[in-house]
Amino acid sequence: MLKILGFMISTGHRTGKSNTIDPEAFMPVRSFFMNFAFKGMVTAAVFAGFVSSSFAWSNLNPGNFTLLDNSGPDFPSSLGTVIANKTTSIVGKDNNNNIVFTGFATSYVVQYDGAGDLAFGFFVQNDASSHDAIERVTVTDFAGFSTVVANGDNTFVAPTVPHAYFATRSGNGSILGFNWVVGLGDGDITQGNEGRFVWIETDAKAYKDGQLSAIDGGVGTTDTYAPAAVPEPATMAVLGVGAVAMIRRRRKQS
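Since the structure is predicted, the reported quantities are computational estimates derived from the model, not experimental observations. (Residues numbered from 1 in each chain as written. Predicted model: local features only at pLDDT ≥ 70, side-chain atom pairs only at ≥ 80, totals over all residues. Heavy atoms only, no water.)

*Asks:* For this particular structure, what's the right way to read the side chain of serine 107?
*Replies:* Here serine 107 is to be found in strand 5 (residues 99-111). Serine 107 gets classed as buried once you look at its relative accessible area, which sits at 1%. At 2.8 Å, the side chain of serine 107 forms a polar contact with the side chain of threonine 224. Not counting the four nearest positions on each side in its chain, serine 107 is found in contact with Ala84, Asn85, Lys86, Gly121, Phe122, Asp223, Thr224 and Tyr225. (Helix = DSSP H or I, 4+ residues; strand = E, 2+ residues; numbered from the N terminus. Buried < 20%, exposed > 50% of the residue type's maximum accessible area, 1.4 Å probe, protein only. Polar contact = N/O pair within 3.5 Å; in protein donor to acceptor, adjacent residues only side chain to side chain. Contact = heavy atoms within 4.5 Å.)

*Asks:* Can you help me understand the pattern of salt bridges in this one?
*Replies:* Oppositely charged side chains may form a pair once their charged atoms are brought near each other. What the rule picks out here adds up to 3 salt bridges. The closest approach of N and O atoms between lysine 205 and aspartate 117, which form a salt bridge, is 2.7 Å. Here lysine 205 is found in the loop between strand 11 (198-202) and strand 12 (206-215), whereas its partner aspartate 117 is found in the loop between strand 5 and strand 6 (118-126), with 88 residues between them in sequence. Residue lysine 208 is joined to aspartate 141 by a salt bridge in which the shortest nitrogen-to-oxygen separation is 4.0 Å. With a gap of 67 residues between them, lysine 208 in strand 12 and aspartate 141 in the loop between strand 7 (136-139) and strand 8 (147-151) connect regions that are remote in the sequence. (Salt bridge = Lys/Arg side-chain N within 4 Å of Asp/Glu carboxyl O.)

*Asks:* For this particular structure, what's the right way to read the nonpolar core?
*Replies:* Side chains that are nonpolar tend, in soluble globular proteins, to be buried together. Residues Phe122, Val124, Val139, Leu176, Phe178 and Leu212 are the most contacted members of the largest nonpolar core, which totals 28 residues. Apart from the residues lying within four places of it in its own chain, the contact partners of phenylalanine 122 are Thr106, Ser107, Val137, Val139, Phe178, Arg196, Phe197, Val198 and Leu212. Within the second largest apolar cluster, 11 residues are counted, among which are Trp57, Ala119, Ala150 and Phe197. (Core = buried A, V, L, I, M, F, W, Y, C linked by side-chain atoms within 4.5 Å.)

*Asks:* Teacher, can you tell me more about the packing of aromatic side chains here?
*Replies:* Aromatic ring pairs are reported here in terms of the distance separating the ring centres and the angle at which the planes meet. All told, the structure shown has 7 aromatic pairs when counted by the stated rule. Aromatic side chains phenylalanine 122 and phenylalanine 178 sit 5.8 Å apart centroid to centroid with 70° between the ring planes, which places their arrangement in the edge-to-face category. You can see phenylalanine 122 sitting in strand 6 and its partner phenylalanine 178 sitting in strand 10 (residues 176-179), a full 56 residues away along the chain. When the centroid spacing of 5.5 Å and the interplanar angle of 85° are considered together, the rings of tyrosine 207 and tyrosine 225 count as edge-to-face. Here tyrosine 225 lies in strand 13 (residues 219-228) and tyrosine 207 lies in strand 12, a separation of 18 residues in the sequence. Taking relative accessible area as the criterion, tyrosine 207 reaches 35% and is therefore assigned partly exposed. Exposure remark for tyrosine 225: the relative accessible area of 8% places this residue in the buried category. Ring-pair connections join several aromatic residues into one group, and the members of that group are Phe104, Tyr108, Phe123, Phe197 and Trp199. Over the ring of tyrosine 225 we find lysine 86, and its NZ or CZ is 4.5 Å from the ring centre. (Phe/Tyr/Trp six-rings, centres within 6.5 Å; stacked < 30°, edge-to-face > 60°. Lys NZ or Arg CZ within 6 Å of the ring centre and 35° of its normal.)

*Asks:* Before we go on, may I ask you to explain the confidence of the model for the protein chain in this structure?
*Replies:* Predicted coordinates in areas of low pLDDT are best not read in detail. When pLDDT is averaged across the protein chain, the result is 78; 66% of the residues are at 70 or more. Throughout residues 1-39 the model reports pLDDT below 50, and contacts reaching past four residues in sequence, or to other chains, amount to 104 contacts. Contacts of residues 41-55 to residues separated by more than four positions or lying in other chains number 27 contacts, the stretch itself having pLDDT below 50. (pLDDT = per-residue confidence, 0-100.)

*Asks:* For this particular structure, what's the right way to read the pairing of strand 3 (residues 64-67)?
*Replies:* One face of the sheet, then the other: side chains in a regular strand alternate in exactly this way. Of the two faces of strand 3, the one holding Asn64 and Thr66 and the one holding Phe65 and Leu67 are both buried throughout. Pairing of strand 3 with strand 9 (residues 166-169) involves 3 bridges; the strand directions are antiparallel. Within the sheet, the bridge partner assigned to threonine 66 lies in strand 9 and is alanine 167. (Pairing = 2+ DSSP bridges.)

*Asks:* I would appreciate a short explanation of the pairing of strand 4 (residues 81-93) in the present structure.
*Replies:* In terms of strand pairing, strand 4 meets strand 5 through 12 bridges, oriented antiparallel. When the sheet's bridge partners are listed, lysine 93 is paired in strand 5 with isoleucine 99. What sits between the antiparallel neighbours strand 4 and strand 5 is a turn of 5 residues, in which asparagine 97 has the positive phi angle 70°.

See below:
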């Protein structure tokens, strides 16, 4: 756990370096990393100069974690061309199937450069009637893709809209987790509030449906977007040959 004291985050654009740690240690929201000891360690690291108080977009490799800055846009169109967007409802339930929070997630896919690379963004709102706040959000199916992460800035939103304080990535690279920490940054996503945009720039050229989970005293899962692999030309050629052969076979049988 004390590996956290050794990390450093670069301030250059898209040059932030994440640090190796078992991301599964972050999975229980009420874990060591959410308690006073974690807050104290991170705060001490900041004041000791291990962590910059001004971050940039950060690379997030499999099995690593990184602190997050607010360099991303608050409006998707400010990042690039919006390809897709949707809003879906969230119902968080505990182990006894009791509803502990409700809300919604709004997700975007944005083509952010001339190469056709895609960024995936989302924000989560917690209903005023919820029993619990929301402290962690995960998204799936990023294995095999590079990921560069940041929060939206606060140019066009109230400063009280909480931003995710740090992000994790599972060892196989599939699951990205974003964490709002009480007592650090803007705190968690309380009842009646929404989190700031979270952005994930990737090298994907296509997208598909994915899953987003909001977590605190319960878990609520809903639809979002995820990167998708584009078949290689050789694979497409093989599929094409197979399709032609199938058509010829059917013609002979008829």
